[in-house]
Amino acid sequence: MDSISRRHMLAATATGGLLTSVGLAHAQTADGAIPQPQRPGHGGTDPGPRNLMRDRQNPDLLVPPSTDHGTLPNLRFSFSDAHMRLEPGGWTRQVTQRELGIAKSMAGVNMRLNAGGVRELHWHKASEWAYMLYGKARVTAVDSEGRYFVDDVGVGDLWFFPGGTPHSIQGLGPDGCEFLLVFDDGDFDEDNTFLLNDWFKHIPADVLGKNFGVPASLFGHTPDESERYIFLAPLPGPLGSEAISGAKASETSYTWRMMEQVPIKTKGGTVRITDSRLFPISTTTAAALVELEPGGLREVHWHPNGDEWLYVIEGQARMGVFAGQGQARTFDLQAGDVGYVPVAMGHYLENTGSTNFRFLETFKSDRFIDFSLDTWMAATPPGLVQAHLKLDPKVMSALRTNKALVVPE
């Protein structure tokens, strides 16, 4: 399927739905065509029943490129298909190994906090890396020496809390916030964390009294955990008012302004890379924010140091993955989708829409590392490359010794 027909099919998604064979006759795209699982000499029509909207969203599953082969597992899951937990202060949903079976090393959570909404004081076994998608939030943390950290974050900002670090998040005015969380454990479960209220409810009052040096009778009134997971609280004052009397501020920053980084710019888009070299506390998660212009390509490449857990912020694209032994599969991605590429598998992402495609690449590593197919070939003796591939001389002369990262249409 060529790029023009693929983009047209995706753009027509809103007209589709779950259709029977009778309904299909009336479900026409703008050019009168109904997508069918066929290419010249292969496949056939699908009389239904079928979900035409999903077929239009996934043209490369309906009609895979002829280069696809083998039985790679599913490498995509949408947050739109994840269970939504609704609370008084906002909502949360997650994509873990339970939802995306191949995702063994990383998991993600999408969370919304209303203005004043608090994600209860808590900590995790896994580390927490975050990207702000909308609005403003205040984050707090305390290190093992009792030093405190408080900061306000906005769209494009990051935070990172190492495993075991107690922290909180609160949505600020005027409309709270939404963010993506990435954890360095595929089995992570947002509903199975260490929560302040939960712990208080399970410590005898006399032990609490002894621990804090006050009468045991002062305890026993802790709100139930079901009231505190994501709850509403008064909006905090200005950032400067949050200084803790008698405590020292942490010398470590748990936040980073990713959008203030100067991006790597090419004719096809931009890339911002953030890892422990820029954000020292982020020792188990490296990331890149990539933006592809229409038709742009995240060049064919692979990562040697970890699985890639990616999240689509806006736009639509196709992701082609090569697993070796002749196995390859293509997936279609759009906003809110998670893609997953196991370590060392070759892959690319191509913008198939009419607007920019923006996504996050994250890795369970302290460094962002990738190998470019183009640069590998360019830096290898030409005769050796030709002995393998028998390429046209024009291809050989076009090879780049410097990584492009993203290339134009």
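The name an unreviewed UniProt entry assigns to the chain is Cupin domain-containing protein, from the organism Bradyrhizobium barranii.

Asks: Explain the overall build of the chain residue by residue, including any values.
Replies: Of regular secondary structure, the chain possesses nine helices and 30 strands. Classification of the 409 residues of the chain by burial places 49% in the buried group. Within the chain, contacts between residues separated by at least 24 positions form 76% of all contacts whose residues are at least 6 apart in sequence. Surface summary for the chain: the accessible area is close to 19500 Å², and the carbon and sulfur share equals 57%. Here the chain holds 36 positive side-chain charges and 48 negative ones, and the gap between their average locations is 4 Å.

Asks: Requested: an account of the sheet that holds strand S23 (residues 308-314), with residues and values cited.
Replies: Taken together, seven strands build an open sheet; the order of strands is S5-S26-S23-S28-S21-S20-S19 and the sheet is antiparallel. Here the strands that pair on one side only, and so sit at the sheet edges, are strand S5 (76-78) and strand S19 (264-266). Across the sheet, the axes of successive neighbouring strands diverge by a mean angle of 20°, strand direction being ignored. Pairing between S23 and strand S28 (residues 357-363): six bridges, direction antiparallel. Residue Val312 lies in a different strand from S28, and its bridge partner there is Phe359.

Asks: Mind laying out the environment of Glu308, listing which residues take part and the relevant values?
Replies: Note on placement: Glu308 falls in strand S23. At a separation of 3.0 Å, a polar atom in the side chain of Glu308 contacts the side chain of His303.

Asks: Just give me the short version of the UniProt feature "domain: Cupin type-1" (unreviewed entry) in the chain, but keep the residues and values in it.
Replies: Under the UniProt annotation, "domain: Cupin type-1" (unreviewed entry) lies at residues 77-220 and 256-397. Note that residues 77-220 is 9% helix and 44% strand, and that its end C-alpha atoms are spaced 43 Å apart. Summarising residues 256-397: 13% helix, 48% strand, and an end-to-end C-alpha distance of 41 Å.

Asks: If you had to explain the sheet that holds strand S15 (residues 177-183) to someone new, which residues and values would you point to?
Replies: The seven strands lie next to each other as S6-S7-S8-S15-S10-S13-S18, forming an open sheet whose pairing is antiparallel. The open sheet has two edge strands, strand S6 (85-87) and strand S18 (255-257), and neither has a second partner. Neighbour-to-neighbour, the strand axes of this sheet turn through a mean angle of 20°, independent of strand direction. Alignment of strand S10 (residues 128-135) against strand S13 (residues 157-161), held across four bridges, turns out to be antiparallel.

Asks: Talk me through the packing of aromatic side chains; I want residue IDs and the actual numbers.
Replies: Taken as a whole and assessed by the stated rule, the structure comprises 16 aromatic pairs. A centroid spacing of 5.7 Å and a plane angle of 65° characterise the contact between Trp123 and Trp199, whose relative ring orientation is edge-to-face. Of this pair, Trp123 sits in strand S9 (residues 117-123) while Trp199 sits in helix H5 (residues 196-200), and the two are 76 residues apart along the sequence. Here the aromatic rings of Trp159 and Phe179 are separated by 5.1 Å at their centres, their planes lie at 65°, and the arrangement is edge-to-face. Of the two residues, Trp159 sits in strand S13 while Phe179 sits in strand S15, which places them 20 residues apart along the sequence. Across this residue pair, the class does not change: Trp159 and Phe179 are buried. Aromatic rings pair up to connect Phe149, Trp159, Phe161, Phe179 and Tyr254 into one cluster. Over the ring of Phe231 we find Arg228; its NZ or CZ atom is 4.7 Å from the centre of that ring.

What counts, and where the lines are drawn
Along each chain, the written sequence defines residue order, and numbers are assigned to residues from 1. With the structure being a predicted model, the display of local features is reserved for residues of pLDDT at least 70 and the display and counting of side-chain atom pairs for 80 or more, all residues being used for whole-chain, interface and lining totals. Excluded from the side-chain calculation are hydrogens and water; included are all heavy atoms of the structure. Only DSSP runs of H or I reaching four residues or more are called helices, and only runs of E reaching two or more are called strands; each is numbered from the N terminus. To sort residues, take the accessible area from a 1.4 Å probe on protein chains only and compare it with the maximum for the residue type: under 20% means buried, over 50% means exposed, and anything in between is partly exposed. Residue contacts are counted whenever heavy atoms from the two residues lie within 4.5 Å of one another. Per-residue and other accessible areas were derived by the Shrake-Rupley procedure at a 1.4 Å probe size, with only the shown protein chains allowed to occlude residues. In this tally, Lys and Arg are treated as positive and Asp and Glu as negative; His is ignored, and so are the chain termini. Where a charge lies is defined by one atom per residue type: Lys uses NZ, Arg uses CZ, Asp uses CG and Glu uses CD. Following DSSP output, two strands are said to pair if at least two bridges run between them. Axis lines are fitted through C-alpha atoms, for helices just across the contact stretch, and the angle between N-to-C directions can take any value from 0 to 180 degrees. Here a polar contact is taken to be a pair of N or O atoms separated by no more than 3.5 Å, where protein atoms must pair a possible hydrogen donor with a possible acceptor and residues adjacent in sequence count only if both atoms sit in side chains. UniProt positions are given in the numbering used here, feature names are shortened, and annotations may be inferred rather than shown by experiment. Each Phe, Tyr or Trp ring (for Trp, its six-membered ring) is paired with any other whose centre lies within 6.5 Å, and the angle between the two planes then decides the class: stacked below 30 degrees, edge-to-face above 60, tilted in between. The rule for a charge over a ring is simple: NZ of Lys or CZ of Arg within 6 Å of the ring centre, and within 35 degrees of the ring normal.

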